[in-house]
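Okay, here's what each chain looks like letter by letter:
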Amino acid sequence: MNSSKHTELANHAWSVADLLRGDYKQSDYGKVILPFTVLRRLECVLEPTREKVVDVVAELEGQEIDKGRFLRRASGHTFYNTTSLTLKKIAHDAQNAALNLQRYVAGFSDNAREVLEKYDFNQQIKKLESAKLLYDVIGRFTDLDLRPEVVPNHNMGYIFEDLIRRFSEQSNETAGEHFTPREVIKLMVNLLVAPDADALTLPGSVRTVMDPACGTGGMLSAAEDHVKSLNPNARVKVYGQELNPESWAICRSDLMIKGQDPENIVLGNSFSDDGHAREKFDYLLANPPFGVDWKKVKDDVEAEYATLGDSGRFGAGLPRISDGSLLFLQHMLAKMKPVDVSGGGGSRVAIVFNGSPLFSGAAESGESNIRRWILENDWLEAIVALPDQLFYNTGISTYFWILTNRKSADHKGKVVLLDARGSWLKMRKSLGDKRKELGDGTGNRPNHIGDITKLYGEALHVAADPEHAEHGKVKVFKNEDFGYHRITVERPLKLRFKLTDETLAALIASKPVQKWAEERVLPQHPDLAAVVKARRKLTDEEAAQVQELVDAEAALFADALRPLVGSTWQMKSDATVALKGAVVDAGLLWPTGAPFAKAVRDTVGVRDPEGELQKLKGGAPEPDTELRDYENVPLDEDVEDYLKREVHPHVPDAWIDHTKTKTGYEIPFTRHFYVYEPPRPLAEIDAELKSLEAEIQALLGEVTE
C-alpha cells in the first residue's frame, strides 16, 4: 500500500470532523474519530470469524466454564465480540442506533472494551445521539474499508498514527504530550538496534521492546518496524506503560489494530506501580517528559530506595524532586537482561533527555551518583546531541543517551560523544515549538538520519582519524574522564584588630555580652529572675522589661570601651589586654569563657592579608571561610600535585581539607565541542557601522525630499 492510500483512508476517517463541526470543539474531534476508527478496524479484523464466535457463544450458553479461552480460539485473535451486530446493521436501525451501539461495544472481550471505555465512548455515543449526529457518523465509518487484506497491520499503524497526529495538532494541548516526531524516533531506533543488525537477520529471531513512558506508542511501533525491516520473519513483542488514560487507550488501540497483545500495555505510574516488575527486555527506549517533578510518587520511590537499596530500581541515588528524568533511566536499566558467561544476553537502552541530566547536581548528589553508577558499570555507550527546536513541546537542545550492558570489545571502557546539532532542515510550517526536522533522504532532502547512523557506527574510527571530514563531530573518552574530585581549598584566617563604632555595636549586640548583662541584672529583679529560671515563656511585657534592663547594663560595658574607638592592634593578645583593662578600669568585670573571646575576635577582628595568623586549638591554621574555594580535579590526577601546579603559584599558603573531598561525575558535552571564535577586527566593525550610517543618511534624504 502506498502513502497516498494511507492518506486517502485517513482523510476518510477525519472527514467525520465536517459532521462534528459546531457541536464539538476542534480539540475534541479525536475523541470521536479515534475510537470509531478502532471500532471499525476491530470489526473488520473479526468479520471472517464473526459467525463462528456467535455459534460458540450459543454452544456454551449456561455452562460454568472459562468461555474466553474458547471464544479467542474461535475468533483467531486475542479479542472477540459475542454479538451478531455490525456498524452496518446498526446504521439500518436509526431509531435504536445508540442502544444497539452500546450493546455492540458491551459484546467485546474485556481487553477491547476497556480501551473503548478509556475513550469515554459511551459518553460520546450519548452526545452524538443528543446532537442527532450518531446515525451519520456510523454511516461514514461503515464505508471505511479497513479489512486486513486491504490494510495490513503495518499500514493500519501508519493510518492510525496519522489520525493521532491530526488530533494532536487540533488539540489545544501540546502535540509533544502525545506524539514524538517520527523522524526522531526513527533515528533513535536506528542507533538502538543498528549494532544488532546481523543477529536480527537470523531465522527465528525474537525480540522484546519496552517503553516505560510509551504515550501513544510511536516508539514501540517504530522499533517493531525497524526490526521487521531487517528480518520480516522476526517476532517482535512490545511492552509499555503509560500514565495518561487517553494516551494509554490510543497506544493499546494501535497495538490491537496491528495484532500485538494489548495486555502488554499497562496503565499506571511506572515508578509507584511498575506494570512489568519481573520482566527483562532486549530493547528499552523512552522519551520521558522533560523536567517533570516526582512529588506524587515521592513516598513510594523513597520507600523503595530505603528498603531495597541496590536490590531495587533506585539504589544508585535519587535526583532532585523537580526532575524525574534519571528515575526513568534507572527504571529502564533495572530491566536489562543479564549477560551470561559466554557474552550472550544483555540489553540496549535509548532515552531522550534535555541537557540537565548531563551535569545537574554537585559531587555526591543524587544525580552525580547516578551518573557515577552508570559510568563505573561501563553501561554508557554514547550521547548524541540533537538540533534544538526538534520537538513539539520544547525548543531546547536534546540528547540521546545510548546504554548497554553488552558493549563490543572496542567500546569497553569508552564513551562516544557525537555532535549532530548541525543536522537539520527548516520546516515549511512550524508545529508548536518544532521548527526543524531531520531529513531522511526522500524528496531530494539530505539523509540526516542515515548519515548520523553511519557516523555512529564508525565513531571510533572517525575520532581516531584527524583527517576524516567528520572528525570534529565525534569525540571518544574513557569512562573515568567524566569523574572528578571536588576539593575544598582553604586559606588561613589573618586578622588585625580595630575598635570602631560599628564593631563596638556588634560586640554589644553579641550573645555573650547580652548574656553577661542579663546575668548581672536579673538577681536585682527576683520576680523576673524566677520566670527566666523556670524557663516559662515571657510575656511581651516581661520580655520588653528584661531587654530594657539588659540594654542598660550593656550600655555600661559600651561606655567603658568607647574611649578606645579608633584604636588598632596587630595582635589579638594586645587587643584583649587593652579592652579588658578599659572594662576593669570602669569598675566592671571582664566576661570570661570561649564564646565571649570568640565574639570579641569576630567583631573587632578585621581581615588583613598582613594580619596575625589565627590558629585552632591544636595549633593548626584556622581556615578563612570567606576565602574558601572549590576546585574540580580530574580523577586520574593527584590532588596535591594539582594544588602545587594550579593554586600555589597564586596563593602559596593554601591547603586542601581532605575531609571535605567528594567524588562527582558530569558530562560537559558542550564544553568538549566548544570552538573559540575570535571577535571580528575593530576595523571591520567600524567599516560596517560607517556603511550603515551612510545607508541611514541616504534613506533620511529620500524622506526629506
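About the thresholds
Residues numbered from 1 in each chain as written. Predicted model: local features only at pLDDT ≥ 70, side-chain atom pairs only at ≥ 80, totals over all residues. Heavy atoms only, no water. Helix = DSSP H or I, 4+ residues; strand = E, 2+ residues; numbered from the N terminus. Buried < 20%, exposed > 50% of the residue type's maximum accessible area, 1.4 Å probe, protein only. Contact = heavy atoms within 4.5 Å. Core = buried A, V, L, I, M, F, W, Y, C linked by side-chain atoms within 4.5 Å. Salt bridge = Lys/Arg side-chain N within 4 Å of Asp/Glu carboxyl O. Pairing = 2+ DSSP bridges. Axes fitted to C-alpha atoms, helices over the stretch in contact; angles between N-to-C directions. 1 Å grid on protein atoms, 1.4 Å probe; cavity = no way out; pocket = protein on both sides within 12 Å on 5 of 7 lines; lining within 4 Å. Points joined across faces, edges and corners; volume = space filled by probe spheres on them. Nonpolar A, V, L, I, M, F, W, Y, C, P; charged D, E, K, R; others polar. Parallel < 35°, antiparallel > 145°, perpendicular 65-115°, else oblique. Left-handed = near helix turned anticlockwise from the far one by under 90°.

(A) Inspection of the environment of Val-633 at higher detail. Here Val-633 shows up in strand β17 (residues 629–634). Residue classification places Val-633 among the buried positions, given a relative accessible area of 0%. When the C-alpha positions of Val-633 and Ala-363 are compared, they lie 12 Å apart, and in sequence the two are 270 residues distant. Discounting residues that sit within four places of it in the chain, Val-633 has contacts with Tyr-484, His-485, Ile-487, Val-639 and Tyr-642.

(B) Spotlight on the nonpolar core. Counting residues in hydrophobic clusters, the biggest one holds 103 residues, and the most contacted among them are Phe-36, Leu-101 and Phe-400. Top contributing element to this core by residue count: helix α3 (residues 30–46), with 10 residues. Contacts of Leu-101, omitting those with residues within four sequence positions, involve Phe-36, Leu-39, Leu-87, Ile-90, Phe-121, Ile-125, Leu-134 and Ile-138.

(C) The arrangement of the pattern of salt bridges in detail. All told, the structure shown has 47 salt bridges when counted by the stated rule. A salt bridge links Glu-553 to Arg-520; its shortest N-O distance comes to 2.6 Å. Of this pair, Glu-553 sits in helix α25 (residues 540–561) while Arg-520 sits in helix α23 (residues 511–521), and the two are 33 residues apart along the sequence. Taking the relative accessible area as the measure of exposure, Glu-553 reaches 11% and is therefore buried. Overall, Arg-520 belongs to the partly exposed group, its relative accessible area being 30%. Put simply, Asp-274, Glu-304, Arg-313 and Lys-335 are held in one network by salt bridges that share partners.

(D) Here's a closer look at the sheet that holds strand β7 (residues 398–404). Here we have 9 strands laid out as an open sheet, ordered β3-β2-β1-β4-β5-β7-β6-β8-β11, and mixed in their pairing. Two strands bound the open sheet, and with one partner strand each, they are β3 (265–267) and β11 (474–478). Taking the axes of each pair of neighbouring strands and ignoring which way they run, one obtains an average angle of 15° across the sheet. Relative to strand β2 (residues 235–242), strand β1 (residues 206–211) runs parallel, the two sharing 6 bridges. When the bridges of β2 are listed, Val-206 appears paired with Arg-235. On the sheet, helix α14 (residues 218–230) packs against β1, β2, β3, β4 (283–286) and β5 (348–354) and is oriented at approximately 170° with respect to β2.

(E) Quick look at empty space enclosed by the protein. Going through the model one piece at a time under the given rule, you end up with 1 cavity of 30 Å³ or more. Its boundaries defined by the atoms lining it, the largest cavity holds a volume of some 40 Å³. As for the largest cavity, its lining consists of Pro-319, Asp-323, Ser-325, Leu-326, Ser-356, Pro-357, Ser-360 and Glu-367. The set of elements that each furnish at least two residues to the lining of the largest cavity consists of α17 (325–333) and α18 (356–359). Partitioned by chemical class, the residues of the lining of the largest cavity number 3 nonpolar, 3 polar and 2 charged.

(F) Fine view of the packing of α25 against helix α26 (residues 572–585). Where α25 contacts α26, the two axes come as close as 8 Å, and the packing angle between them is 120°. Judged on the interaxial angle alone, α26 and α25 are oblique. Relative to α26, α25 is oriented so that their crossing is right-handed. Residues Phe-557, Ala-560 and Leu-561 of α25 form the contact with α26, whose own contacting residues are Leu-579, Ala-582 and Val-583. Broken down by class, the residue content of the contact of α25 with α26 amounts to 6 nonpolar, no polar and no charged.

(G) The environment of Leu-588, seen in detail. Of note, Leu-588 is situated in the loop between α26 and α27 (594–604). Sequence separation between Leu-588 and Ser-270 is 318 residues; the distance between their C-alpha atoms is 71 Å. Residues contacting Leu-588, with those up to four places away along its chain left out, are Trp-516, Arg-520, Leu-556, Phe-557, Ala-560 and Val-583.

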